[in-house]
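Examination of the molecular architecture
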Amino acid sequence: MATNLLGLDAQGMERFFAGLGEKPFRARQVLKWIHRRGAAGFGEMTDIARELRAKLAASAAIEPPAVAGDSSSADGTRKWLLKVDGANAVEAVFIPEEGRGTLCVSSQAGCTLDCAFCSTGKQGFNRNLSAAEIVGQLWLANRALGVHGRAGAVGAGNRAISNVVFMGMGEPTMNLDAVIPAARLMIDENGYGLSRRRVTVSTSGVVPGMDRLAAECPVALAVSLHAPDDALRDRLVPVNRKYPIRELLKACNRYLERAPRDFITFEYVMLEGVNDSDAQAMALLGVAARVRCKFNLIPFNPFPDSGFKRSPAERVRRFAEVLQRGGITVTTRKTRGDGIDAACGQLAGEVADRTRRSRTIPIEELRA
Ligand code: SF4
């Protein structure tokens, strides 16, 4: 079977070329052609000898997921539905903002973790994505946004995508065998050349995964906190039962040892009457005092049968104020892409569920 070169990081590519009896610099050349210039076939690689191109055509391929849907909303947000096999499709979303463009990528078809407020979690889980399927989202988005093919292409200061966040479908730290090579390609100067701090992995708090990421590819880290205490977090983010807040905060501090000038971004989805009181904001100050961090408040995006409501804007403002008065940097995420279900927590794709998950936790159970 042909090797899909889209998913090979620098080391993997060098190994592949060594297997063909080729020098490492050839691997770097091909890496640049694929990721910086967006080459879709070996015929385009004009500075590679004809014989090597023929060898590559016989043993390798450049195969992104197939685009099954492409929609834009009035605010410029664009969402792609990408078929990864006959039964599963995942979503990637581009969010343009003043001075930056962020691509949100998926790492799994579905998710095993079943957070109570999450649309993806409700879809169940089918499988991990490969590194090629993850990087393929960035490769396709660059092509669709017209970055590849322009003079200089990726890395010449004309990139539309300046940031990548692993916040689409799936829990990235449950698929690190693919996420790590994908993240390495994103920060490799022969790949996408993004700075380490502009690639963010978001986790719901899988402690061993956080430790491995810290050791192997310490990009920026966001942690989905969503509650100030274990009693509520156990119910909103069930993985907390295995890795409670105390363990999570220790893992955050170990992570920061590997990324010394960084901070942890705590994501906090605002659910009316569940986790949005002044007392809960005060309790968060105690959490924040134990880790170098900032908070990102996310107004909840309702989806059918979620059982939750978005906190009113005034409540979010007041909650942010309590945190800020306690000396914490707080941002509040603007709701983007509403018209195309591309806002946070709304990525659903199409998952051939193998977990038979259909349970929805009643709201009464979740209220403190
Ligand atoms: S919030 Fe993230 S970890 Fe939780 S179920 Fe959704 S995709 Fe999975």
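To start, this report covers the structure provided alongside it. Since the model is a prediction, treat every value here as computed from it, not as a measurement.

**A few points about the packing of aromatic side chains**
The full count for this structure, using the stated rule, is five aromatic pairs. Both rings, one in Phe266 and one in Phe295, keep their centres 5.4 Å apart while their planes meet at 50°; by these two values the pair is tilted. You can see Phe266 sitting in strand S12 (residues 264-270) and its partner Phe295 sitting in strand S13 (residues 293-299), a full 29 residues away along the chain. In this structure Phe266 comes out as buried when scored by relative accessible area, which is 0%.

**A few points about empty space enclosed by the protein**
As enumerated under the stated definition, the model contains three cavities of 30 Å³ or more in all. Approximately 490 Å³ is the volume attributed to the largest cavity. Phe117, Cys118, Met167, Gly168 and Ser224 are, among the 32 residues lining the largest cavity, the residues nearest its centre. Across the lining of the largest cavity, the residue classes tally to 16 nonpolar, 12 polar and four charged.

**Here's the deal with the sheet that holds S12**
Pairing is mixed in the open sheet, where 10 strands are placed in the order S3-S4-S5-S6-S9-S10-S11-S12-S13-S14. The sheet terminates laterally at strand S3 (66-72) and strand S14 (330-332), the two strands that pair on one side only. For this sheet, the mean angle separating the axes of adjacent strands, direction not counted, is 20°. Here strand S9 (residues 163-166) pairs with strand S10 (residues 199-203) via three bridges, running parallel. The residue bridging Val164 from the neighbouring strand is Val199, located in S10. The sheet strands contacting helix H6 (residues 176-187) are S9 and S10, and the helix crosses S9 at an angle near 170°.

**Some thoughts on the pairing of strand S11 (residues 220-224)**
Burial analysis of S11 places five of its five residues in the buried class, which makes it a mostly covered element. Of the two faces of S11, the one holding Ala220, Ala222 and Ser224 and the one holding Leu221 and Val223 are both buried throughout. Relative to S11, S10 runs parallel, the two being bridged by four bridges. What sits directly across from Thr200, in S11, is Ala220. A crossover links S10 with its parallel partner S11, the connecting element being helix H7 (residues 207-216), and its sense is right-handed.

**Observations concerning the pairing of S13**
Most of S13 sits out of view: six of its seven residues are buried. The pairing of S12 with S13 spans seven bridges and is classified as parallel. In the sheet register, Glu267 faces S13, and the bridge partner there is Asn296. One crossover worth recording links S12 to the parallel S13 by way of helix H10 (residues 278-288), and it is right-handed. Two elements, S13 and S14, share three bridges in a ladder whose sense is parallel.

**Observations regarding the packing of H6 against H7**
Close contact between H6 and H7 brings their axes to 11 Å; oriented N to C, the two are set at 30°. By the angle between their directions, the pair H6 and H7 is classed as roughly parallel. Classified by chirality, the crossing of H7 by H6 is right-handed. Taking contact as the criterion, the partners of Leu176, Asp177, Ile180 and Arg184 in H6 are, on H7, Gly209, Arg212, Leu213 and Glu216. When the residues that make up the contact of H6 with H7 are grouped by side-chain class, the tally is three nonpolar, one polar and four charged.

**Re unusual backbone geometry**
Excluding glycine, a negative phi dihedral is what most residues carry, and trans is how most peptide bonds are arranged. Despite not being glycine, Asp114 shows a phi value in the positive range, around 60°. Residue position: Asp114 is located in the loop between strand S7 (108-110) and helix H4 (119-122). Residues other than glycine seldom take positive phi values, yet Asp305 does so here, at roughly 65°. Tracing the chain through its elements places Asp305 in the loop between S13 and helix H11 (313-325).

**Concerning the pattern of salt bridges**
Under the counting rule described, the total for this entry stands at 23 salt bridges. Salt-bridge contacts for Arg184 lead to Asp9; the nearest nitrogen and oxygen are separated by 3.7 Å. Taken together, the residues span a long stretch of sequence, with Arg184 in helix H6 and Asp9 in the loop between strand S1 (3-4) and helix H1 (10-19) at a distance of 175 residues. Using a relative accessible area of 10% as the deciding quantity, one classes Asp9 as buried. A salt bridge links Asp177 to Arg212; the nearest nitrogen and oxygen atoms lie 2.9 Å apart. With Asp177 in helix H6 and Arg212 in helix H7, this residue pair connects regions lying 35 residues apart in the sequence. Through salt bridges with shared partners, one network takes in Asp278, Glu314, Arg315, Arg317, Arg318, Glu321 and Arg325.

Reading the values: rules and limits
- Residues numbered from 1 in each chain as written.
- Predicted model: local features only at pLDDT ≥ 70, side-chain atom pairs only at ≥ 80, totals over all residues.
- Heavy atoms only, no water.
- Phe/Tyr/Trp six-rings, centres within 6.5 Å; stacked < 30°, edge-to-face > 60°.
- Helix = DSSP H or I, 4+ residues; strand = E, 2+ residues; numbered from the N terminus.
- Buried < 20%, exposed > 50% of the residue type's maximum accessible area, 1.4 Å probe, protein only.
- 1 Å grid on protein atoms, 1.4 Å probe; cavity = no way out; pocket = protein on both sides within 12 Å on 5 of 7 lines; lining within 4 Å.
- Points joined across faces, edges and corners; volume = space filled by probe spheres on them.
- Nonpolar A, V, L, I, M, F, W, Y, C, P; charged D, E, K, R; others polar.
- Pairing = 2+ DSSP bridges.
- Axes fitted to C-alpha atoms, helices over the stretch in contact; angles between N-to-C directions.
- Contact = heavy atoms within 4.5 Å.
- Right-handed = clockwise from strand over helix to strand, strands pointing away.
- Parallel < 35°, antiparallel > 145°, perpendicular 65-115°, else oblique.
- Left-handed = near helix turned anticlockwise from the far one by under 90°.
- Salt bridge = Lys/Arg side-chain N within 4 Å of Asp/Glu carboxyl O.

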